[in-house]
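Residue strings, one per chain:
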Amino acid sequence: MSTTSRSLTGLAAVVATAAVCLAVPQAASASSACDSSLVAPAGSLIGGLWRSNGGERSVFGCPATKEFGYPDKRGSWQRFRNGKIVWSPNLGNGTLVRVFQKGGNVVFKWSGLGRDWDYFNVRWSKDGGKATQVQVGRLTPWSGQYRMAPYAQGGVGTTTNGHESNTFAFVVQGCDRTTFGSDCGPWSIPTSIGLAH
């Protein structure tokens, strides 16, 4: 092999190595848009729900906090870029309640309630004010959702052109119809979302 051929072969190897080195960081950054230290570990119900809904591409977006337990009760919560997920085991060991923003709506969902319910009561409040209760039909005997447009014309909020932030909090309970009314279970641990408008 001539000196020229060896030089060209060596140059090609250097260029190929440089191309690989440049490509690897780009691939790593594209696949890790979320801070990996905030992603709930395997075995977490919250992390499992987030992953099964698409992870960073889900309606929740990337985690904004770690998953935290409550100091005074069983359960945990985690805030995300577009919402919050709460594990509420007082309603069943697999109960998850969550809230997120989708377009101009706030969506409150629940699943994994430990038994078959006929319907659900949802209570929501704005900025810690008086709670409003609504009855919601079930999606399944142990899950459901409630959707609201908080800043729609004639809705619960008023438009302030980006100068106000409000917090909407939600809880849910399952109920059965009985001969003399309703028999309802306990309320979930609250979940909330802050909205700027």
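1. With respect to the overall build of the protein
Here is step 1: Tallying secondary structure elements over the protein gives 2 helices and 11 strands in all.
Here is step 2: When its helices and strands are written in sequence order, the protein yields α-α-β-β-β-β-β-β-β-β-β-β-β.
Here is step 3: Counting across all 197 residues of the protein, residues that qualify as buried make up 38%.
Here is step 4: Surface exposure of the protein reaches about 11,000 Å², of which carbon and sulfur atoms provide 55%.

2. Quick word on the nonpolar core
Here is step 1: In terms of nonpolar packing, the biggest core is built from 23 residues, with Trp110, Val122, Tyr146, Phe168 and Phe170 touching the most fellow members.
Here is step 2: Here Val122 is in contact with Phe108, Trp110, Thr132, Gln133, Val134, Val136, Tyr146, Phe170, Val171, Val172 and Trp187, once residues within four sequence places are set aside.
Here is step 3: Core analysis: the next-biggest nonpolar cluster, separate from the first, contains 12 residues, Phe60, Phe80, Leu96 and Val107 among them.

3. Here's the deal with the pattern of salt bridges
Here is step 1: By the definition in use, this model includes 3 salt bridges.
Here is step 2: Notably, a salt bridge pairs Lys73 with Asp72, separated by 3.6 Å at the nearest N-O pair.
Here is step 3: A relative accessible area of 38% means that Lys73 is categorised as partly exposed.
Here is step 4: Classification of Asp72 as exposed rests on a relative accessible area of 62%.
Here is step 5: Among the salt bridges present, the one from Asp176 reaches Arg115, with a minimum N-O distance of 2.1 Å. Of this pair, Asp176 sits in strand S9 (residues 165-178) while Arg115 sits in the loop between strand S5 (105-111) and strand S6 (119-126); the two residues are 61 residues apart in sequence, bridging distant segments of the chain.
Here is step 6: Since its relative accessible area comes to 39%, Arg115 is described here as partly exposed.

4. Regarding the sheet that holds strand S3 (residues 83-87)
Here is step 1: Reading across from one edge, S1-S2-S3-S4-S5-S8 is the order of the 6 strands in this open sheet, with antiparallel pairing throughout. Both edges of this open sheet fall to strand S1 (68-69) and strand S8 (144-148), since each of them pairs with a single strand only.
Here is step 2: One ladder, built from 5 bridges, connects S5 with S8; its direction is antiparallel. Its bridge partner being in S8, Phe108 is matched across the sheet by Tyr146.

5. What about the state of the cysteines?
Here is step 1: Enumeration according to the criterion identifies 2 disulfides in this entry.
Here is step 2: In this model, Cys175 is linked to Cys184 through a disulfide, with the two sulfur atoms separated by 2.1 Å. Between Cys175 and Cys184 the disulfide shows an S-S torsion of about 110 degrees. By sign, it is right-handed.
Here is step 3: Accessibility expressed as a relative area gives 31% for Cys184, which makes it partly exposed.
Here is step 4: Along the protein, the cysteines engaged in disulfide bonds are linked according to the scheme 1-2, 3-4 when indexed in sequence order.

6. Here we look at the packing of aromatic side chains
Here is step 1: Under the definition given, this model contains 8 aromatic pairs.
Here is step 2: Ring geometry for Phe60 against Phe100: centres 5.4 Å apart, planes inclined by 75 degrees, an arrangement best described as edge-to-face. Placement of Phe60 in the loop between helix H2 (45-52) and S1 and of Phe100 in strand S4 (residues 96-102) is noted, with a sequence separation of 40 residues between them. Note on accessibility: Phe60 and Phe100 belong to one class, buried.
Here is step 3: Here the aromatic residues Trp50, Phe60, Phe80 and Phe100 are joined through ring pairs into a cluster of three or more.
Here is step 4: Directly above the ring of Tyr70 sits Lys73, whose terminal nitrogen or CZ lies 4.8 Å from the centroid.
Here is step 5: The cationic tip of Lys84 hangs over the ring face of Trp77; the distance from NZ or CZ to the ring centre is 4.9 Å.

7. Observations regarding the confidence of the model for the protein
Here is step 1: This prediction gives the protein a mean pLDDT of 82; 77% of its residues lie at or above 70.
Here is step 2: A low-confidence stretch, residues 3-31 (pLDDT under 50), is modelled with 3 contacts involving residues beyond four sequence positions or located in other chains.

8. Observations regarding the pairing of S9
Note on strand geometry: in a regular strand, side chains alternate between the two faces of the sheet.
Here is step 1: Bridge analysis of S6 against S9 gives 8 bridges, and the strand direction is antiparallel. When the bridges of S9 are listed, Trp124 appears paired with Phe170.
Here is step 2: Strand direction decides the pairing type here: S9 and strand S10 (residues 181-184), joined by 4 bridges, are antiparallel. Looking at S10, one finds that Cys175 is bridged to Cys184.
Here is step 3: Once S9 ends, the chain turns through 2 residues before running back antiparallel as S10.

Rules used throughout
Residues numbered from 1 in each chain as written. Predicted model: local features only at pLDDT ≥ 70, side-chain atom pairs only at ≥ 80, totals over all residues. Heavy atoms only, no water. Helix = DSSP H or I, 4+ residues; strand = E, 2+ residues; numbered from the N terminus. Buried < 20%, exposed > 50% of the residue type's maximum accessible area, 1.4 Å probe, protein only. Areas by Shrake-Rupley, 256 points an atom, 1.4 Å probe, with all protein chains shown as cover. Core = buried A, V, L, I, M, F, W, Y, C linked by side-chain atoms within 4.5 Å. Contact = heavy atoms within 4.5 Å. Salt bridge = Lys/Arg side-chain N within 4 Å of Asp/Glu carboxyl O. Pairing = 2+ DSSP bridges. Disulfide = S-S within 2.5 Å. Phe/Tyr/Trp six-rings, centres within 6.5 Å; stacked < 30°, edge-to-face > 60°. Lys NZ or Arg CZ within 6 Å of the ring centre and 35° of its normal. pLDDT = per-residue confidence, 0-100.

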